[in-house]
Amino acid sequence: MRISNTIVFSLINILFLLLLSYSISAQQTLLEKLSDYKKVVDKYPIEKIHIHTNQPFYLKNDTIWFKVYVINTNLNRPSNVSNTLLVDLISPDGNLVQQAKLKLNVGLADGYLSLSDTLKSGTYLLRTYTNQLKKYGSKFYYRKTINIVDSLENLKQRDVKNFNISFFPEGGDLIYGIKSTVGFKAVGGDGFGIDVNGEIVDDRGKHIATINTENLGMGRFSFVPEPNRKYLANVKSSNSGVLTEKLPIAKQTGYVLAVKNIADSISVRIKVSADGLGKDVILIASQDGLIRYASKKHLTSSDNQLSIDQSIFYTGVVQFTLFNAEAVPVAERLTFCNHDDMLSITTDIKNEYKKREKVALSIDLKDFAGVSEVGSLSVSVYSETEYPFDDNDEQSIYVDLLLNSDLRGYIEKPNSYFLNTDTINARYLDNLMLTQGWRRFSWKEQLSQKMFSAENRNMITDHIQGSIKMTNKKPYANADIILYQQGYFKNILFSKTDSTGRFSFENLNLVDKPRIVIAPIDQKIKNLVIEVDGVDDGLDLEKVSQLERKTIIDSRIRSIENVQVNNLYKKYLGTTLKQVTIKGKRRADAVEGSANLNGSGKADAIVLAKDLETTHNLTTYLVNNITGLKLSDDMIYSRDIPEKNVETDAKAKYPQPMLVIFDGMPVEQEGFKISELNPNDIASIEILKGTSAAMYGIHGLWGVIIITQKRGFNSDDDPSRKSNKGVFNLSITGYQVRREYYSPSYHVQKPQSYDFRKALYWNPSVVATKDKTDKLSFFNSDYSGRFKIVIEGINADGQVGRYVNYYMVR
């Protein structure tokens, strides 16, 4: 269902006309806020994210393969707003384990995170955000919990010890004399839904209503609150005893907002107490914070009804907000609008295969009307026998893009709401809207002092920009500066600050873990303050909540065959580790941690820590042991030393002392004395002369000395390091180097002895077109049992689809 963005925002103009009868102050309050909000989202559209991972949970040594889908909520289509995305893997303790930076192409990207065998078992957080979302803060980031375990035997079932129950009147409040629907949710001590039953009574003990949970601890009931009466719920659980809980106190005056989906329309009833009769109200309906519907209603009775065409909205959560005559939000209700317009994905996969047999399948993508579609898909195939997981618990593309982004906290079995669309399931979904209806966007918040805003918090992409100031806080204006890039790609770039001290280095190829050094060309300038945009003081890390530490229930019994294959795999791992230990010797010329732009160890001369064990003065050692080096005024030269004027004792300008790179930072020997360094702290020294120093351009003309300290040495306490202010040294996360998912072929003459793959296939880049059907193929492994194939995808119009099927391997 496509919604015109122009029509959506023209509703703000309609709203202006609707508010003409309101007070001047009320008009200004609402219209100014809406206008300010529109300007923000016009300039910085909000994005929603989904990540499809190749399997439901992971063992140590596994690799998390994933594909990212990013949606522009202004258009409800794949986003072309952001071009960079960060994926954080955060440990249960709240520490950053890994980070991947990916380039987005029309809202799509794919990558991987390799897991170490040293990771602790537990629930990890996969947190993802774009440059655009970073402007709005962490509450807009995407989150997905990932379980990493030692073995499947460690997985246990939940433990329920006690429970509590909460009540949620439809629209927000209970009002005397007005019939209201009340949603409720009962949860066990572990935070998951629990079945309860009981009754609602008033403070005289009179029976009001019977209550029973319908699904996952949620349910509803209706009643008419009486004046001056209080209400209690007496409920019991078969596992957790009896509980008495108070209902919210009913109010004498106010509004009740009731919403119900009926066929192709949404029925909205505005119920009001006597004091509200004859007054005007404004009803706004929005999706992702964008107004889709606005209407003024003159309340002529205590029960006023509107019918709204569903075609105004796209599939997803709709937020209804009622404003009174003073433009104050007084009632709110969420509902789910479902057009059943999901993409249809089908395959021709067979029901049964043999071990190591080739599986070939075709994928057919159609829209909800059965017309062939163009779309981008991701495909995963894994052993459900070895990775058992309830599909109801999946954080699918439906859950993330249509549900999660508009509701608060952990949603239990979120995918269950999309596995079928019958009447019963629609009621369960509406119970969720009643009980867990919270948005990232709230009109009450926007009309308060906490106005919606976007801060300039850009991340570093393929260009680096910033500012330089002098100690007197004046800009370091119109000055030449240099950037050294080390790592996967090596580079030296020159730039110039503008009149305000701003600088920019464009078109960098920042890949893997590059190290960046920015310094002034004139190294006589000291104590500069260099700031780079997008460098965070902290990562704003977070822990996984106890509720989100999802439990995987391992109820499958493995075949004897699979147990044997697992035992062989463990033996194989042990053998492989020994081989790595024997063969994993360092290259003789490799220097660990070196910042050499030519590559670690590629130098004319190398001095290692063992060579310096009996040395007390580094300068003396280098001059005495490396051919061609000369010493003058405690500075090292690679050629002749500069001559002095006999009469004035002035030293000639050339030749210059050798350039020193100290732990990646270029420093000037006039202010940095090599002789003052402690030889015991040095891991290596590399000497570059002539053509070896060519990578450093004109600054390496007189040779380069690269000094690398031992790991663990606190360079902040080194006086020589402190004297080198005005140089910016930064190690950043660059764009991830692409890797291909390994899938063997058994057409070769000598296939491998064992095939221990439990995850058989991953392809994040399947493209479906109208002219042809994509054909994929892969081979089964040595595991038997049931295998699961999951396909997710999106088309250019933002419609999403998901396909799940199973086959057996005998």
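Definitions and limits used
Residues numbered from 1 in each chain as written. Predicted model: local features only at pLDDT ≥ 70, side-chain atom pairs only at ≥ 80, totals over all residues. Heavy atoms only, no water. Helix = DSSP H or I, 4+ residues; strand = E, 2+ residues; numbered from the N terminus. Buried < 20%, exposed > 50% of the residue type's maximum accessible area, 1.4 Å probe, protein only. Contact = heavy atoms within 4.5 Å. Areas by Shrake-Rupley, 256 points an atom, 1.4 Å probe, with all protein chains shown as cover. Salt bridge = Lys/Arg side-chain N within 4 Å of Asp/Glu carboxyl O. Phe/Tyr/Trp six-rings, centres within 6.5 Å; stacked < 30°, edge-to-face > 60°. pLDDT = per-residue confidence, 0-100. Pairing = 2+ DSSP bridges. Axes fitted to C-alpha atoms, helices over the stretch in contact; angles between N-to-C directions. Expected span 1.5 Å × (residues − 1). Core = buried A, V, L, I, M, F, W, Y, C linked by side-chain atoms within 4.5 Å. Polar contact = N/O pair within 3.5 Å; in protein donor to acceptor, adjacent residues only side chain to side chain.

**Student:** Any chance you could explain the overall build of the protein here in plain terms?
**Tutor:** In terms of helices and strands, the protein carries nine helices and 45 strands. Scored against the burial criterion, the 810 residues of the protein give a buried share of 53%. Expressed as a percentage of contacts within the protein between residues at least 6 apart in sequence, the contacts between residues at least 24 apart total 69%. With an accessible surface of roughly 37,100 Å², the protein has 49% of that area assigned to carbon and sulfur atoms.

**Student:** Just to check I follow, could you spell out the pattern of salt bridges for this structure?
**Tutor:** Close approach of charged atoms allows side chains of opposite charge to pair. For the coordinates displayed, the defined rule picks out 31 salt bridges. Among the salt bridges present, the one from Arg333 reaches Glu170, with a minimum N-O distance of 2.7 Å. Taken together, the positions of Arg333 in strand E23 (residues 329-337) and Glu170 in the loop between strand E10 (163-169) and strand E11 (180-188) put the pair 163 residues apart, joining distant regions of the chain. A relative accessible area of 3% means that Arg333 is categorised as buried. Of the charged contacts, one joins Arg802 and Glu792 as a salt bridge, the two residues approaching to 2.8 Å between their closest N and O atoms. A residue pair is termed long-range when its members are at least 10 positions apart, and Arg802 in strand E45 (residues 800-809) and Glu792 in strand E44 (residues 785-795) qualify at ten residues. Since its relative accessible area comes to 14%, Arg802 is described here as buried. Among the residues examined, Glu792 registers a relative accessible area of 2% and is labelled buried.

**Student:** Would you take a moment to explain the packing of aromatic side chains for this structure?
**Tutor:** Here a ring pair, both rings aromatic, is described through the centre-centre distance and the interplanar angle of the planes. Applying the stated rule across the entire model yields 21 aromatic pairs. Relative to Phe672, the ring of Phe662 lies with its centre 5.0 Å away and its plane at 50°, an arrangement referred to as tilted. Here the residue Phe662 occupies a position in strand E37 (residues 659-662), and Phe672 occupies one in the loop between strand E38 (665-667) and strand E39 (682-688), the gap between them amounting to ten residues. Accessibility classification places Phe662 together with Phe672 in one group, the buried group.

**Student:** Sorry if this is basic, but what is going on with the environment of Thr614 here?
**Tutor:** Topologically, Thr614 is positioned in the loop between strand E34 (605-608) and helix H8 (618-625). A sequence separation of 66 residues divides Thr614 from Asn680, and the C-alpha atoms of the two residues are 9.2 Å apart.

**Student:** Whenever I open this one, the confidence of the model for the protein confuses me. Can you help?
**Tutor:** Reading predicted coordinates in detail is not appropriate for stretches of low pLDDT. On average, residues of the protein score 83 in pLDDT, and 82% of them reach the 70 mark or higher. A low-confidence stretch, residues 4-9 (pLDDT under 50), is modelled with ten contacts involving residues beyond four sequence positions or located in other chains.

**Student:** How do you make sense of the sheet that holds E23 when you look at a structure like this?
**Tutor:** Backbone hydrogen bonds are what pair the strands of a sheet, in a parallel or an antiparallel way. What the four strands build is an open sheet, ordered E20-E19-E22-E23; its pairing is antiparallel. The open sheet has two free edges, formed respectively by strand E20 (290-298) and E23, since each of these has just one partner strand. Across the sheet, the mean angle from the axis of one strand to that of its neighbour is 20°, orientation sign disregarded. Note: strand E19 (residues 280-287) against strand E22 (residues 316-323), five bridges, orientation antiparallel. The residue of E22 that forms the bridge with Ile284 is Thr321. Each of E22 and E23 touches helix H5 (residues 423-435); the most contacted strand, E23, lies at about 155° to it.

**Student:** What's the story with the sheet that holds strand E12 (residues 197-202) in this structure? I'm lost.
**Tutor:** One open sheet holds the four strands; their spatial order is E13-E12-E15-E16, and the pairing between them is antiparallel. The two strands at the open ends of the sheet, each matched to only one other strand, are strand E13 (207-212) and strand E16 (241-246). Averaged over all adjacent pairs, the angle separating strand axes in this sheet is 20°, with direction ignored. In terms of strand pairing, E12 meets E13 through five bridges, oriented antiparallel. Its bridge partner lying in E13, Val201 is registered against His207.

**Student:** Is there a simple way to explain H5 in this structure?
**Tutor:** Each α-helix turn comprises 3.6 residues. Residues three or four places apart therefore point the same way. Taking 1.5 Å of rise per residue, the 13 residues of H5 would be expected to cover 18 Å, and the 19 Å separating its terminal C-alpha atoms lies within 8% of that figure. The set of residues buried in H5 consists of Asn425, Leu429, Asp430, Asn431, Leu432, Met433, Leu434 and Thr435.

**Student:** Which parts of the structure should I look at to understand the nonpolar core?
**Tutor:** Looking at soluble globular proteins, one finds that nonpolar side chains tend to be buried together. The biggest cluster of nonpolar side chains holds 34 residues, and the ones touching the most others in it are Ile49, Ile64, Phe66, Val68, Leu85, Val87 and Leu113. The set of elements that each furnish at least two residues to this core consists of helix H2 (24-43), strand E1 (47-53), strand E3 (63-72), strand E5 (84-90), strand E6 (96-103), strand E7 (108-114), strand E8 (122-130) and strand E9 (142-149). Discounting chain neighbours no more than four positions away, the residues touching Val68 are Ile49, His50, Ile51, Leu85, Leu102, Gly107, Leu108 and Ala109.

**Student:** Could you clarify how one ought to interpret the pairing of E5 in this entry?
**Tutor:** Along any regular strand the residues' side chains alternate between the sheet's two faces. Counted residue by residue, E5 has seven buried out of seven residues, so it is predominantly covered. Neither face of E5 is open: one carries Thr84, Leu86, Asp88 and Ile90, the other Leu85, Val87 and Leu89, and all of them are buried. With seven bridges joining them, E5 and E6 adopt antiparallel strand pairing. Directly across from Leu86, in E6, lies its bridge partner Lys101. With antiparallel pairing between neighbouring strands as the criterion, E5 and E6 make up a hairpin whose turn holds five residues, including Gly94 at a positive phi of roughly 90°. As defined by bridge partners, E5 adjoins E8 across six bridges and the pair is classed as antiparallel. Across the sheet, residue Asp88 finds its bridge partner in E8, namely Arg127.

**Student:** Would you mind going over the environment of Ile682 with me for this structure?
**Tutor:** Topologically, Ile682 is positioned in strand E39. Taking relative accessible area as the criterion, Ile682 reaches 1% and is therefore assigned buried. Setting aside residues no more than four positions away along its own chain, Ile682 makes contact with Ala609, Leu612, Leu618, Leu677, Ile707, Thr708, Gln709 and Lys710.

**Student:** Any chance you could explain the side chain of Asn795 here in plain terms?
**Tutor:** Structurally, Asn795 can be placed in strand E44. Assessed through its relative accessible area of 2%, Asn795 is described here as buried. A distance of 2.8 Å separates a polar atom in the side chain of Asn795 from the backbone nitrogen of Gln799. Residues contacting Asn795, with those up to four places away along its chain left out, are Pro78, Leu343, Glu373, Val374 and Gly375.

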